[in-house]
Amino acid sequence: MKTMTGAKMVVEALKDQGVEVVFGYPGGAVLPIYDEIFQQNEIRHVLVRHEQGAVHAAEGYARSTGKPGVCLVTSGPGATNAVTGLTDALMDSIPIVVLTGQVPTFMIGSDAFQEADTVGITRPCTKHNWLVKDTDALGDVIHQAFHVAKGGRPGPVLVDIPKDVQFASGKYVPPAKAQTAHYAPRVKGDPEAILRMVEMIEEAEKPIFYTGGGVINSGPGACRLLREFVDATGFPITSTLMGLGAYPASGRHWMGMLGMHGLYEANLAMHGCDLMINVGARFDDRITGRIADFSPRSEKVHIDIDPSSINKVIHVDVPILGDVGHVLEEALALWKARGSKTRAPALAKWWAQIGEWRKVECLRYRNSDKVIKPQYALERLEALTKDRKDRFICTEVGQHQMWAAQFLGFEEPNHWMTSGGLGTMGYGFPASIGVQMAHPDALVINVAGEASWLMNMQEMGTATQYRLPVKQFILNNERLGMVRQWQQLLHGERYSHSWSEALPDFVKLAEAFGWKGIQVKDPADLDAAILEMLAYDGPVIVDCLVEKHENCFPMIPSGKAHNEMLLGEAETDGAIDAKGSVLV
Amino acid sequence: MSALKIKKGSSSHSAYDLRDPHAEGLEKHTLAVIVANEAGVLARVIGLFSGRGYNIESLTVAEVDHAGHRSRITVVTTGTPSVIEQIKAQLGRIVPVHEVHDLTVEGKSVERELALFKVAGEGNNRVEALRLADIFRANVVDSTLESFVFEITGTPEKIDAFADLMRPIGLVEMARTGVAALSRGTRG
């Protein structure tokens, strides 16, 4: 085993883990590590402008590559600024490894300058974290950290490294010798449960696949198996926000996204089905609506690698604990071996019913030739970019995010980066930087609202410095659109602080950072603006001025069931009653 | 919530489950959690209970295998059957947690708690305290002319009963360890 300083060990361990990019920000407690980074060229370091940006960039990197994203930040404020990103990654099961500096071990607990109880603060928002007090243990812990971040249900981990541990010399443990055996979540599903699922599929008359981010986390292989299984059964498939792209939007069996702002046909099919096969989703409250009336007549199968997801919210009839890819592989093999068939006449009737629901055309909106409707802007963005196989879409959080999920089609996994569980405004722009770092030649578009976008606008300098041609497509309604929509629906149109006052001139802002800025407000100019954005070789802001008071439909109001959806232009007075209004 | 007059048990009007957990029949379970003996592991377990709103009725922790770096945490908790299942699944997810056993459902088990009682008094009360201690097989571990400290081991119910008897005859204070529990029989 080689002897080296702790700081050198960090860089060595990252190289051994195949890390290519680190997003970070230096400070007193990580100076020895930055000194090592300075003296090598294998790992690229991206200097962000705020630690929250580093973590979201690492998330974007991880979601778009399937590899863990890595951050390096200093102690105290560096670590606390990373907390939102860690929580975001925990909620959405994104593998990231955050390395934090810490004050020297002999000063821990003395309220030293830039000291914070980092492992204490981040304990509930990481999958696991470590404070390393011994240089000999550092290599081992970093390898364990990668193992835990990637293994089972992925998630964020944090390693806190005191400055004296970075300076001291110790023995470096290579990855092959690291103690990782104790964390080995079960990946193979119970064969009996898989058989039961196959039997239920053979008997189902009104089935539906309900898939989530777990399919994407399981990898491209799992997505291929899902496609094969869906095509073999001919069942309709819907997905959560997190799972978009696992099954192609152009696929024959695709129903569109489900949930609070999901498609009418997807939600009605969930409500009316007799067999629900949940593949890597977690019955989030944005999906279920009112629990007591959630899919009341169906038998439910749930494939999940996390035992705590099973029966947490919705009781299921057949739980299958395991990795989606492994379980689908077994299920498909069994399906073929049995020569299984579905009930064709019943399925034809079910598809006919779905066809009836589709006729509602739930995404219809009233277009205008005077003002750009946000839905129209996204329809045009889709039309002008959907042939680009290298198109990656990020979003911020709010109405624009839901419209993007409704109007953009995803053909492949890992091409859609959005903050689902935590709903972090300010996620999308730094995430787009992380995606572009991983895919330098790809088309990376962040569909944003102006309010979310301003939350991490400091990262403009990062994009400029690293020549990242990220496209910021801002649907500017000068409102916190989703907040305003809820205030309209349940607070008597009292728009308390949901205005974006004192907005910058986005074109001048872009130019101030050496970007291109485009403003568009006439629907007739929209295509030209999008094409100009696509043609420009560098970062662009498109300030797309849209209808200010457009509402996002369809919508399952809080506290309602799937079959109580509001459609566009609906009468919204009293849509949410007092009981629903306490919910978020 | 009260301002909106949400009736407890009216989960049918909510996207969240607002049912009163007490309406569904609470169960008391004793869990044995075998953890790696590392810094912060107790905080992880306790943080899980407080963060997700679970109850802790009693908790004990100590190293049980020095060479293997294992500690045993015994938690007594109450909840509906689904909450108990969720607690076990959440505990199992913590990286340094090696095993989670629900002693209440995994066959028969024995539970013991140790308590120290300080009882002060004179005359007849003193005699009565000693007589009761004898019945409960409590030992005197400290004595002055006006007080005793008793040591008693037993189930939590036995210790409760002893406390109830000692209270009127001069119970000053008590210290309890919380429950330690093992399954019966040969298997570990």
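Nothing here was measured: the structure is a model prediction, and the numbers come from that model.

(A) Looking closely at the domain arrangement of chain B. All names here are of chain B. What the domain assignment reports for chain B is domain 1 (27–102) and domain 2 (109–183). The C-alpha centroid of domain 2 is placed 28 Å from the C-alpha centroid of domain 1. Tallying the contact residues gives seven residues for domain 1 and seven residues for domain 2. Per-element accounting of the side of domain 1 that touches domain 2 gives the leading share, three residues, to strand β2 (residues 58–65).

(B) Structural view of unusual backbone geometry. Residues and elements named next belong to chain A. Note that the residue after Phe 553, namely Pro 554, is joined by a cis bond; omega there is -5°. Looking at where Pro 554 falls in the secondary structure, it is placed in the loop between β20 (540–545) and α24 (578–581). In this structure, Ser 93 is a non-glycine residue whose phi angle is positive, near 55°. With respect to the helices, strands and loops of the structure, Ser 93 is situated in the loop between α5 (83–92) and β5 (96–102). For Ser 93, a count of 24 C-beta atoms within 10 Å puts it in the buried group. With a phi close to 55°, His 497 is a non-glycine residue in the positive phi region. Using a count of 9 C-beta atoms within 10 Å as the deciding quantity, one classes His 497 as exposed.

(C) Spotlight on the sheet that holds strand β5 (residues 109–120) of chain B. Residue and element names in this part refer to chain B. Reading across the sheet, the four strands line up as β6-β7-β5-β8 and stay open at both edges, with antiparallel pairing between neighbours. If you trace the sheet from one side to the other, it starts and ends with β6 (139–143) and β8 (171–183), each paired once. Here the average twist between neighbouring strands, direction ignored, is 15°.

(D) View of the pairing of strand β18 (residues 471–476) of chain A. Residue and element names in this part refer to chain A. Burial analysis of β18 places six of its six residues in the buried class, the great majority of the element. Side chains Lys 471, Phe 473 and Leu 475 project from β18 onto one buried face, and the interleaved Gln 472, Ile 474 and Asn 476 project onto a second face that is buried too. The pairing of strand β17 (residues 443–449) with β18 spans five bridges and is classified as parallel. Residue pairing for β18: Val 447 is matched across the bridge by Phe 473. Note that β18 and β20 share six bridges and pair parallel. Residue pairing in the sheet places Ile 474 in a bridge with Asp 543 of β20.

(E) Highlighting the sheet that holds strand β10 (residues 237–239) of chain A. All names here are of chain A. Sheet architecture is open: six strands sit in the order β11-β10-β9-β12-β13-β14, paired in parallel fashion. Two strands bound the open sheet, and with one partner strand each, they are β11 (254–257) and β14 (318–321). Each strand axis lies, on average, 15° off the axis of its neighbour in the sheet, ignoring direction. Note: strand β13 (residues 299–304) against β14, four bridges, orientation parallel. Across the sheet, Asp 304 pairs through a bridge with Leu 321, a residue of β14.

The rules behind the values
- Each chain carries its own residue numbering, running from 1 in the direction its sequence is written.
- Each chain gets a letter, beginning with A, and each ligand a number, beginning with 1, in the order they are written.
- Local features in a predicted model are, by the rule used here, given only for residues with pLDDT of at least 70; side-chain atom pairs are given and counted only at 80 or more, and totals for whole chains, interfaces and linings are based on all residues.
- Domain ranges listed in this record stem from an automatic or a database domain assignment.
- Working definition of a contact: two residues with C-beta atoms, positioned from the backbone, lying within 7 Å.
- A run of DSSP states H or I qualifies as a helix once it reaches four residues; a run of E qualifies as a strand once it reaches two. Both are numbered from the N-terminal end.
- Burial in this document is a count-based property: other C-beta atoms within 10 Å of a residue's C-beta are tallied, and the residue is buried at 20 or more, exposed at 12 or fewer, or partly exposed in between, with C-beta positions derived from the backbone.
- The pairing criterion for strands is at least two bridges between them, as found by DSSP.
- Each axis is a line fitted through C-alpha atoms, and for a helix only the stretch in contact is used; angles between axes span 0 to 180 degrees, taken between their N-to-C directions.

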